[in-house]
Amino acid sequence: MSEPADFVTRLRAERQDPGREEALRLDKARRRRKAVLIGCAGALVLTGFGVWLASVTGDRPANEPYAPQALQEDMWPDEWPATVRLPFRGSPAAAWEDGAAGIVAPKAEAAGDHSVTEVAAALRHSREFLLESNVTPEPLAGGRPSAAMDLLDPRDPGTAALEAALQHPDEKHSPLDVFTRFDPDEEAVVKGAVKSRGTMTYEVAPSGELLVHADYTFVYAVTKNHGGWEIVPGAPEAARVIVRREVTLTPSHGRLALRGSERLVVNADCGAPEDGYIHPLYHAAAAKAPKGTSLDPYAKGKAIDDIPTGCVTATRT
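A. Examining the side chain of T250 more closely. Position of T250 among the secondary structure elements: in strand β6 (residues 235-252). By relative accessible area, T250 is classed as buried at 1%. Among the polar contacts made by the side chain of T250, one reaches the main-chain carbonyl oxygen of L210 at a distance of 2.7 Å. Leave out the neighbours within four places in its chain, and T250 touches E209, L210, L211, R255, L256, A257 and R259.

Below, the structure is given as C-alpha cells:
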C-alpha cells in the first residue's frame, strides 16, 4: 500500500510533466471526433428512414404497391393490384356465388297457356344457356360455345345471325353480345375465378309467347399467359373484368330463341378491334387508358340501355 506522502509526490510529478498538456489535448480531440462520427451516422440513418417513409407514404400513388412481400396479401390495400392467389381481394364479388351457383331459376308456375312443365323446361334451358355462354371453361378460353348454340333453335333467324358473328366478328356483329370469350393467345381465366349474381324472371307477352328475362353480372379474374407482371415471385397480376348481361329467351321447337340481348363490359380495352374476344385492362394499362363514363359496375338499378354508350371507367373493380 502506498504511503500518503508517496502519492502526493507522484501527483506533483505528473502535474509538472511537460507532456501532460499534450496528452490531455489529444484525448479531448479523440473524444470530439468520436462524437462527430456518431452524430453523422445517426443523421444518415434518420435521412435514410425519411427517404423510405416519403417513398411509401408521400408522392407514391395509392395504387402502386411498395414492398408487397412485407405484408400478407389479405392485408394489402384495396387499391393495389390483385394476384392469382387472391383474385377477388377487395372486390364486392368476393362474397358472390361461384360460377354456376349464382345462376338460380325461379320456381315454375303455369303462365297463360303454358303449363308448369313448359315453364320449368324454359327456365331450365335458359339457365343452361347462361351457364354455357358465360361460365363454361371452353368458351371462356375462346373456343366455340357449342353447348350454348345447341340450345338454340336452328330455324330461328337470330341463331343464324349469332353463328355468323362467331365465324366473322365485326363492329356490328359481335359474339360478345351473347358470349364471354377471351383470346387464348393472350390470357386465361384464373382457375375457379368466376363470380356471378343476378335475377331470372318470366312473363307471357301479349303475343302469347313465354319470355324468360335474365339480368346477370359476371366477374372474371384473368391473367396474362406470357409476360405478366409478377407482383411478388410466383404471384402474377390478375385483372378483374365485369360483364353484365340482359338476355331475353323464349321456347321454340323444344329449344330456345333469342329475343333480346344487351351487354356491358367493364375494365376492358374498348379501343381494341372487334375480333370476338374481350381484351382486359391490367393495372398499368388501366391507369393510362382514356377515361369514359364513370360507373360502379356492382351497383344495381339502371338498365343497360340507360347507361351512356362508349367507354366506361369503373369506379371500382
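B. Region of interest: the pairing of strand β7 (residues 255-266). Pairing between β6 and β7: 11 bridges, direction antiparallel. By the bridge assignment, L249 is partnered in β7 with L258. Adjacent in sequence and paired antiparallel, β6 and β7 are bridged by 2 residues, among which H253 carries a positive phi angle near 55°.

C. Structural view of the pattern of salt bridges. Per the counting criterion, the structure on display carries 10 salt bridges. With a shortest N-O distance of 2.9 Å, E73 and R85 are connected by a salt bridge. Separated by 12 residues along the polypeptide, E73 in the loop between α2 (20-57) and β1 (82-83) and R85 in the loop between β1 and β2 (97-98) bring together distant segments of the chain. Residue E73 is classed as buried on the basis of its relative accessible area, which comes to 7%. Of the residues examined, R85 reaches a relative accessible area of 48% and is grouped as partly exposed. When the shortest N-O distance is used, the salt bridge between R263 and D177 registers 2.8 Å. Of this pair, R263 sits in strand β7 while D177 sits in the loop between α6 (157-167) and β3 (187-204), and the two are 86 residues apart along the sequence.

D. Geometry of the nonpolar core. Core analysis: the largest hydrophobic core is formed by 40 residues, its most contacted members being I103, F129, F179 and Y220. Every element with two or more residues in this core is listed here: α3 (116-134), α5 (146-150), α6, β3, β4 (210-224), β6 and β7. The contact partners of F129, leaving out residues within four places of it in the chain, are A148, L151, L152, V178, F179, L249 and L256. Within the second largest apolar cluster, 16 residues are counted, among which are A221, I242, V266 and I304.

E. Highlighting the side chain of H114. Positionally, H114 belongs in the loop between β2 and α3. A relative accessible area of 18% means that H114 is categorised as buried.

F. Spatial organisation of the pairing of β3. Where β2 lies against β3, 2 bridges are found, and the strand directions are antiparallel. By the bridge assignment for β3, E97 is matched with S196. Pairing geometry for β3 and β4, over 14 bridges, is antiparallel. Looking at the pairing, V189 lines up with V222 of β4. Between β3 and β4, which pair antiparallel and follow one another directly, the connecting turn spans 5 residues, one of which, G208, has a positive phi of 100°.

G. Representation of α3. Its 19 residues give α3 an end-to-end C-alpha distance of 27 Å, which sits within 8% of 27 Å, the value for a rise of 1.5 Å per residue. Packed against the buried residues of α3 are α4 (137-140), α5, β3, β4, β6 and β7.

H. Broad picture of unusual backbone geometry. Even without being glycine, H253 reaches a positive phi, approximately 55°. As for its placement among the helices and strands, H253 is situated in the loop between β6 and β7. Given a relative accessible area of 58%, H253 falls into the exposed group. A positive phi angle is found at N267, which is not glycine, with a value near 70°. Within the fold, N267 resides in the loop between β7 and α7 (283-288).

Analysis parameters
Residues numbered from 1 in each chain as written. Predicted model: local features only at pLDDT ≥ 70, side-chain atom pairs only at ≥ 80, totals over all residues. Heavy atoms only, no water. Helix = DSSP H or I, 4+ residues; strand = E, 2+ residues; numbered from the N terminus. Buried < 20%, exposed > 50% of the residue type's maximum accessible area, 1.4 Å probe, protein only. Polar contact = N/O pair within 3.5 Å; in protein donor to acceptor, adjacent residues only side chain to side chain. Contact = heavy atoms within 4.5 Å. Pairing = 2+ DSSP bridges. Salt bridge = Lys/Arg side-chain N within 4 Å of Asp/Glu carboxyl O. Core = buried A, V, L, I, M, F, W, Y, C linked by side-chain atoms within 4.5 Å. Expected span 1.5 Å × (residues − 1).

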